[in-house]
Structure formats: C-alpha cells, structure tokens
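A closer look at the structure
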Amino acid sequence: MTPTTVEDEPDALVAALRVPVWNTLTRRADGIRRTLPPRPEAAEDRLGWLQSLTAEQARQAALLDHLEALCGHMAGRPAFGCAADDPMPEAVLQEAEGFNRQLTALIAAYRAARQGA
C-alpha cells in the first residue's frame, strides 16, 4: 500500500463516494418517477403535463428534475450552479445524505478532507 497525502484523500473519497451516491440519487429519482403521471418526452407537451399536476406532484417533479441534473453532473454533463470541475458538488452530497448511515459517514469524511485540503 502506498502512503497517501492530504491532497490524495479527497480524490480517494470521491472514488469511494461515486457509486453509492449515484445509486442513492437514482433510487430517489426512480421512486419519485413512479409516483408521478408519465412525463411526456416532447418538450411542447410538458407544459400541459406540468399544469395537470397537483402542488405536491409539481414539487416532486421539480425535485426529480434536480436529481436528474445532479446525476447528469456526475456523468460529465455539468449541472447548472455546479462547477464543471467539481466531481462531487455540495448539492450532490446534500441530496445523497441521510439515506444510508455508512454513506452519510463517508460524505462527512469527504467534507472534512475537502476542507482540510
């Protein structure tokens, strides 16, 4: 095993976080998607779809869009408001936190390492 420096620690934690964070975000998005009426693929049909939703469904649809954008960011398509070179932005961490104790502990370790770097 090679010794690691403080600079290496956040990178190692990003690698350790990538899959469990991705899985958490996609599970959340899939769960929300199942509770909503089918969303039209065509952009011109989405306005009618959005107008047909209840207030709670609209809130869930907005969260779904947010989660999908964050997953896109992790896949290399930068999300609005996230730095393109940040592999694990705070918004991603916030949305993955609290659903799994081990993942939440890993997120806390990543934040501490990032602050220390």
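Residues numbered from 1 in each chain as written. Predicted model: local features only at pLDDT ≥ 70, side-chain atom pairs only at ≥ 80, totals over all residues. Heavy atoms only, no water.

Examining the environment of Gly98
By the element assignment, Gly98 lies in the loop between helix H4 (90–96) and helix H5 (101–116). A residue is classified by how much of its surface remains accessible, and Gly98, at 63% relative accessible area, is exposed. (Helix = DSSP H or I, 4+ residues; strand = E, 2+ residues; numbered from the N terminus. Buried < 20%, exposed > 50% of the residue type's maximum accessible area, 1.4 Å probe, protein only.)

Structural notes on H5
Compared with the 22 Å implied by 1.5 Å per residue over 16 residues, the 23 Å span of H5 between its first and last C-alpha is a close match. Taken together, the buried positions of H5 are occupied by Leu103, Ile107, Tyr110, Arg111 and Ala113. For H5, the angular spread of buried residues about the axis comes to 165°, placing them on one side. Turned more than 90 degrees from where H5 packs its buried face, Arg101, Gln102, Gln115 and Gly116 sit exposed. (Expected span 1.5 Å × (residues − 1). Arc of directions from axis to C-beta.)

Things to note about the pattern of salt bridges
Here the structure, examined in full by the defined rule, presents nine salt bridges. For the salt bridge of Arg28 with Glu95, the shortest nitrogen-to-oxygen distance reads 2.7 Å. Placement of the pair is Arg28 in helix H1 (residues 8–35) and Glu95 in helix H4, with a sequence separation of 67 residues. Look at Arg28 and you get buried, because its relative accessible area is 19%. Judged by relative accessible area, which is 17%, Glu95 ranks as buried. (Salt bridge = Lys/Arg side-chain N within 4 Å of Asp/Glu carboxyl O.)

Keep in mind these values describe shape, not function.
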